[in-house]
Amino acid sequence: ETGVTQTPRHLVMGMTNKKSLKCEQHLGHNAMYWYKQSAKKPLELMFVYSLEERVENNSVPSRFSPECPNSSHLFLHLHTLQPEDSALYLCASSRNRDRSYEQYFGPGTRLTVT
Amino acid sequence: AQSVAQPEDQVNVAEGNPLTVKCTYSVSGNPYLFWYVQYPNRGLQFLLKYITGDNLVKGSYGFEAEFNKSQTSFHLKKPSALVSDSALYFCAVRPDSGGYNKLIFGAGTRLAVHP
């Protein structure tokens, strides 16, 4: 266990559904990240939050909407997704924004859009 | 453009033999370098990092990596492979610019250790 949990672990949703992914870290970190992992592609950084402020939105479509209510929790709200959005969504956290600190990852949510 | 390359999609090693997983990078300034491992149905686990100092860094599970600035490489090594080392390995670099902890990942190398 890395101290980062994600729920649900698996999610199947239709293109018209609305769902949310949840991430929680128990490490006392104050930076959190969403990544998308697709088969045979490098990890794609989607969003970065530092001290609950969004500091990066990496050209992600608006059908993905992040929320960081406090330094321990991060959500990814999903609506009207496309089949190509099917992927493993990974949450990570780090001690702070400093680049020397490693990121700790959760187990991911396997999302399938039908 | 800043990037990380892992030239091998898969590396096959016999148990007990040494292993090397290759990584090269292209970034400006002085990079911070990381290795992560991903087991099936799991997230990425941190293995080791190079920040500064000794070019040979040691990490978890007996892994080590050597930073080579002239060759812009950061290869992952282990003297004696175990079957349980079979997993997907990612090299990542944190460039020397930008105001936050943004990692650039390679595409990953699948390590298969055979009994």
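Here goes a summary of the coordinates provided. Just so you know, these numbers come straight off a predicted model, no measurement behind them.

**Focus on the overall build of chain B**
If you tally the helices and strands in chain B, you get zero helices and 12 strands. Reading chain B from its N terminus to its C terminus gives the helix and strand order β-β-β-β-β-β-β-β-β-β-β-β. For chain B, whose C-alpha radius of gyration is 14 Å, the value lies close to the compact-globule estimate of 13 Å for 115 residues. Over its C-alpha atoms, taken along the principal directions, chain B stretches across nearly 45 × 30 × 20 Å. The proportion of buried residues among the 115 residues of chain B is 49%. Long-range pairs, those at least 24 residues apart, make up 55% of the contacts in chain B between residues at least 6 apart in sequence. Of the roughly 5,300 Å² that chain B leaves accessible, carbon and sulfur atoms contribute 49%. Averaged over its 10 positive side-chain charges, chain B has a centre that lies 7 Å from the centre of its 8 negative ones.

**A few points about the overall build of chain A**
The secondary structure content of chain A amounts to zero helices and 11 strands. Moving toward the C terminus, one meets the helices and strands of chain A in the order β-β-β-β-β-β-β-β-β-β-β. Here the C-alpha radius of gyration of chain A, 13 Å, is about what a compact globule of 114 residues would show, namely 13 Å. Looking at chain A as a whole, 49% of its 114 residues are labelled buried. Looking at chain A alone, contacts between residues at least 24 apart form 54% of all its contacts between residues at least 6 apart. Total accessible area on chain A stands at roughly 5,300 Å², and carbon and sulfur atoms take up 47% of it. The centroid of the 13 positive side-chain charges in chain A is displaced by 6 Å from the centroid of its 11 negative side-chain charges.

**A look at the interface of chain A and chain B**
On the side of chain B, 26 residues touch chain A, which itself brings 25 residues to the contact. Summing both sides of the interface, chain A and chain B together bury roughly 2,100 Å²; the carbon and sulfur share of this comes to 52%. Scanning the region where chain A abuts chain B turns up one salt bridge. On inspection of chain A and its partner chain B, the count reaches four residue pairs in polar contact (both at pLDDT 80 or more). Elements with a minimum of two residues in the side of chain A that touches chain B: β4 (31-37), β5 (44-50), β6 (53-57) and β9 (87-94) of chain A. Taken together, the residues of the side of chain A that touches chain B break down into 12 nonpolar, seven polar and six charged.

**Remarks on the pairing of strand β8 (residues 64-68) of chain B**
All names here are of chain B. With three bridges joining them, strand β7 (residues 56-58) and β8 adopt antiparallel strand pairing. Residue Leu56 lies in a different strand from β8, and its bridge partner there is Glu66. Connecting β7 to the next strand, β8, in antiparallel fashion are five residues, including Tyr61 with a positive phi near 60 degrees. Here β8 hands over to strand β9 (residues 73-78) after four residues, with Thr72 in that stretch at a positive phi of 45 degrees.

**Considerations on the side chain of Asp85 of chain A**
Residue and element names in this part refer to chain A. With respect to the element layout, Asp85 can be found in the loop between β8 (73-79) and β9. From its side chain, Asp85 meets the backbone nitrogen of Gln82 in a polar contact 2.8 Å long. Every residue in contact with Asp85, bar those within four places of it in the chain, is listed here: Lys36, Arg63, Phe64, Leu111 and Val113.

**Topic: the state of the cysteines**
All names here are of chain A. Inspection of every chain in the model, using the stated rule, returns two disulfides over all chains. Across the disulfide from Cys23 sits Cys91; the S-S distance is 1.9 Å. Taking the torsion about the sulfur-sulfur bond, which here is approximately -70 degrees, the covalent link between Cys23 and Cys91 counts as left-handed. In this pair, Cys23 is assigned in strand β3 (residues 18-25) and Cys91 in strand β9, connecting sequence segments 68 residues apart. A single burial state applies to Cys23 and to Cys91, both of which are buried. In this structure Cys68 is not part of a disulfide, and its nearest cysteine sulfur, from Cys91, lies 9.0 Å away. Taking relative accessible area as the criterion, Cys68 reaches 11% and is therefore assigned buried.

Calculation rules
Residues numbered from 1 in each chain as written. Chains lettered and ligands numbered in written order. Predicted model: local features only at pLDDT ≥ 70, side-chain atom pairs only at ≥ 80, totals over all residues. Heavy atoms only, no water. Helix = DSSP H or I, 4+ residues; strand = E, 2+ residues; numbered from the N terminus. Rg over C-alpha atoms; globule rule 2.2 N^0.38 Å. Buried < 20%, exposed > 50% of the residue type's maximum accessible area, 1.4 Å probe, protein only. Contact = heavy atoms within 4.5 Å. Areas by Shrake-Rupley, 256 points an atom, 1.4 Å probe, with all protein chains shown as cover. Lys, Arg positive; Asp, Glu negative; His and termini not counted. Charge placed at Lys NZ, Arg CZ, Asp CG, Glu CD. Buried area = accessible area lost by both parts, 1.4 Å probe. Salt bridge = Lys/Arg side-chain N within 4 Å of Asp/Glu carboxyl O. Polar contact = N/O pair within 3.5 Å; in protein donor to acceptor, adjacent residues only side chain to side chain. Nonpolar A, V, L, I, M, F, W, Y, C, P; charged D, E, K, R; others polar. Pairing = 2+ DSSP bridges. Disulfide = S-S within 2.5 Å.

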